[in-house]
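# Summary of structural features
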Amino acid sequence: MREEENVPRLKKKLMLISLILGTPLLLSACGTSDNLGAQGIGVVKVESGLVRGVEEEDVIVFKGIPYAAPPVGMLRWAATQPAVSWNGIREASEFGADCMQEPFPSDAAPLGTEPAEDCLFINIWRSSSESTALQPVVVWIHGGGFVNGGSSPEVYSGHQYAQDGIVFVSFNYRLGRFGFFAHPALTKAEGGLGNYGYLDQLAALEWVQRNIQAFGGNPEAVTIMGESAGGGSVINLLTSTDALGSFDRAIIMSGGGRGPIMGARKVSEGDDHNPSAESFGIRFATQYGISGENKTTLNSLRALTASQVTDGLNMASMRNQNTYAGGPLADGATSNPAQSESIASGQFARVPVLIGTTSMDIGFNFAKTKQELFSSFGSASEIARQAYDPEDKIDLRQLNMLVGADKIMHEPAHYFAGKVVESGSNAWLYRFSYVAESKRREWPGAPHATDIPFFLNTVAAKYTDALTDQDQKAAEISQRYFAHFIKTGNPNFAGAPAWPSFNPESPQIMNIAMSATAEISSDPLQDRIAAVRLSHANK
């Protein structure tokens, strides 16, 4: 093992000591790297070989760099392996394939590539200006319910961040049954792993630690940022000891906050009410005539085509599939099987956190009557009724949506921010309420994921000819708050409304309002959030 490969592991150990002691440890940059352009304009040396990016205006972009070996053949459902080295200069001008999936027709961020099983690629945007100072880094983790998404969508471009002096990184990770799968034959061979997508995320962050300095990025100033499933992934990384030392700040966009947003089924243990992940894997194998629990069984599963493994799975169909375990598993190796307990007890990385939701965020609740709905709050049922529907005028469908969003997104964001503060770090809570002017007749509030092009300032790609000056203004102030947090660990910047650190006793949020301005106030959903909080306390 090369000396520089020990650096991230040493940093992890030191940060773990810091977490246990509750005291900060300062780490200096270690190892050696080639500077950007040392081999020629836009050519960088990474651990696997030379890559050449392309200059776009005043930004250099590197696309489709392998950060791991292709997870195909015998590496399907195996731990992420190092990338294979190459000779000469690898052109990094095009995105690599996004991970295998059935594309989602109404996706807010449509893919720019054809999905494939060989998909573990990383992309980097950085300023083309010459500077000897290392720049802060942000690593974007895409959403898509762990079954859809990728790093190629135009609205995920890191161009604006690079222009602001931040190295922007995005990557792909295995999805659906490729990323989250269990079967008794696989458990015997791989030791009970199940979250191959999470293994990819850890491998990508470790790759960043080893290689980002070659692109002018500072491995000691890394922010992880994700939305929806990506936000849930950020929370998993915060609670994972394997991820300690690979990041220094975190941004959670609509990612929950009380635990896995899609549950966490156990690999081998289960019952009639909550079957094991292996039972779903057995059903999946059976439909292709594959039985048994031995090596031959596993070889047969790995011999299936990528399309057979996908089997039409996407965000529209996954609720109706009884051959998919539903997302990340409680495998005890790549995820924290007691994530909720770790959050409750403050056992997570003590780093600054920025967390928030959209005003019309996603949520699912299936009560058949109002009585059933409010009874779900237990002893807080009457408090909930007064908070949501005091005059009995809101229809049940809308109430289910409101309660679902509060239980899955809004209240957990408050909860997690409070736990971060209790642990001794700072947190900032936001609500994104802005709706693009061209969508205001269609959307009464900001739906789930509509904040992404604003916080990434890619609204021109999203709204094209329908983009207005006010839309652009909303994007600029949104992105500036995030950029300043990535640079300093504090989102506030001169000339903008002061966004106070979260205080559980008198919680304040920063709201990106319909006026395209940042408004600081107490949360207008506070009464509803308090009712949800009480229902948790009374369980």
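As shown above, the structure is provided for reference.
Rules and cut-offs
Residues numbered from 1 in each chain as written. Predicted model: local features only at pLDDT ≥ 70, side-chain atom pairs only at ≥ 80, totals over all residues. Heavy atoms only, no water. Salt bridge = Lys/Arg side-chain N within 4 Å of Asp/Glu carboxyl O. Helix = DSSP H or I, 4+ residues; strand = E, 2+ residues; numbered from the N terminus. Buried < 20%, exposed > 50% of the residue type's maximum accessible area, 1.4 Å probe, protein only. Pairing = 2+ DSSP bridges. Contact = heavy atoms within 4.5 Å. Core = buried A, V, L, I, M, F, W, Y, C linked by side-chain atoms within 4.5 Å. Phe/Tyr/Trp six-rings, centres within 6.5 Å; stacked < 30°, edge-to-face > 60°. Polar contact = N/O pair within 3.5 Å; in protein donor to acceptor, adjacent residues only side chain to side chain. Axes fitted to C-alpha atoms, helices over the stretch in contact; angles between N-to-C directions. Parallel < 35°, antiparallel > 145°, perpendicular 65-115°, else oblique. Nonpolar A, V, L, I, M, F, W, Y, C, P; charged D, E, K, R; others polar.

### Some thoughts on the pattern of salt bridges
Overall, the coordinates contain 18 salt bridges when judged by the stated rule. A salt bridge links glutamate 117 to arginine 76; the nearest nitrogen and oxygen atoms lie 2.8 Å apart. Pair noted here: glutamate 117 is in the loop between strand S5 (89-91) and strand S6 (121-127) and arginine 76 is in the loop between strand S4 (59-66) and S5, with a separation of 41 residues, a long-range link. Neither glutamate 117 nor arginine 76 differs from the other in exposure class; each is buried.

### A few points about the pairing of strand S13 (residues 353-358)
When you tally the buried positions in S13, you get six out of six residues, the bulk of the element. Of the strand pairs in this sheet, S13 and strand S14 (residues 427-432) are connected by six bridges, and their pairing is parallel. Across the sheet, residue isoleucine 355 finds its bridge partner in S14, namely leucine 429.

### Some points on the side chain of lysine 419
One can find lysine 419 in helix H13 (residues 396-422). Here lysine 419 is in contact with Ile343, Ala344 and Phe348, once residues within four sequence places are set aside.

### Brief notes about the nonpolar core
When a protein is soluble and globular, its nonpolar side chains tend to lie buried together. Formed by 66 residues in total, the largest nonpolar core has its most connected members in Ile65, Phe215 and Leu238. It is helix H5 (residues 196-211) that provides the largest number of residues to this core, a total of seven residues. Filtering out sequence-adjacent residues up to four positions away, phenylalanine 215 remains in contact with Val44, Val46, Val51, Phe62, Ile65, Ile124, Arg126, Val167 and Trp207. Ile166, Tyr434, Tyr463 and Met510 belong to the second-largest nonpolar core, a separate cluster that totals 46 residues.

### Let's talk about the packing of aromatic side chains
For the structure on display, the rule yields 26 aromatic pairs. Summarising the aromatic geometry, the rings of phenylalanine 180 and tyrosine 198 are spaced 5.8 Å apart at their centres and angled 85 degrees between planes, so their arrangement reads as edge-to-face. Here the residue phenylalanine 180 occupies a position in the loop between helix H3 (176-179) and helix H4 (184-190), and tyrosine 198 occupies one in helix H5, the gap between them amounting to 18 residues. Of the two residues, phenylalanine 180 and tyrosine 198, neither departs from the other in class, the shared state being buried. On the numbers, 5.4 Å between centres and 75 degrees between planes, the contact of phenylalanine 284 with tyrosine 288 is edge-to-face.

### Side note on the environment of serine 152
The residue serine 152 is located in the loop between strand S7 (135-141) and helix H2 (159-163) in this model. Along the primary structure serine 152 and alanine 97 are separated by 55 residues, whereas in three dimensions their C-alpha atoms are 8.1 Å apart. When residues no more than four places from it in sequence are discounted, the contact partners of serine 152 are Phe95, Asp98, Leu111, Gly112 and Thr113. Polar contacts involving the side chain of serine 152 include one to the side chain of aspartate 98, which spans 2.4 Å.

### Remarks on the sheet that holds strand S1 (residues 43-46)
One open sheet holds the three strands; their spatial order is S1-S2-S5, and the pairing between them is mixed. Each edge of the sheet is formed by a strand with only one pairing partner; in this case those strands are S1 and S5. Taking each pair of neighbouring strands and ignoring which way they run, the sheet shows an average axis angle of 35 degrees. Sheet topology note: the S1/strand S2 (residues 49-52) ladder contains four bridges and is antiparallel. Residue pairing for S2: valine 43 is matched across the bridge by arginine 52.

### Digging into the packing of H13 against helix H17 (residues 526-537)
Closest axis-to-axis distance for the H13/H17 pair is 9 Å, and the angle between their directions is 85 degrees. With respect to H17, the axis of H13 lies roughly perpendicular. Counting all contacts with H13, which are made through Leu402, Asp406, Lys407, His410, Glu411, His414 and Tyr415, the residues of H17 involved are Gln526, Arg528, Ile529, Val532, Arg533 and His536. Of the residues assigned to the contact of H13 with H17, the class counts are four nonpolar, four polar and five charged.

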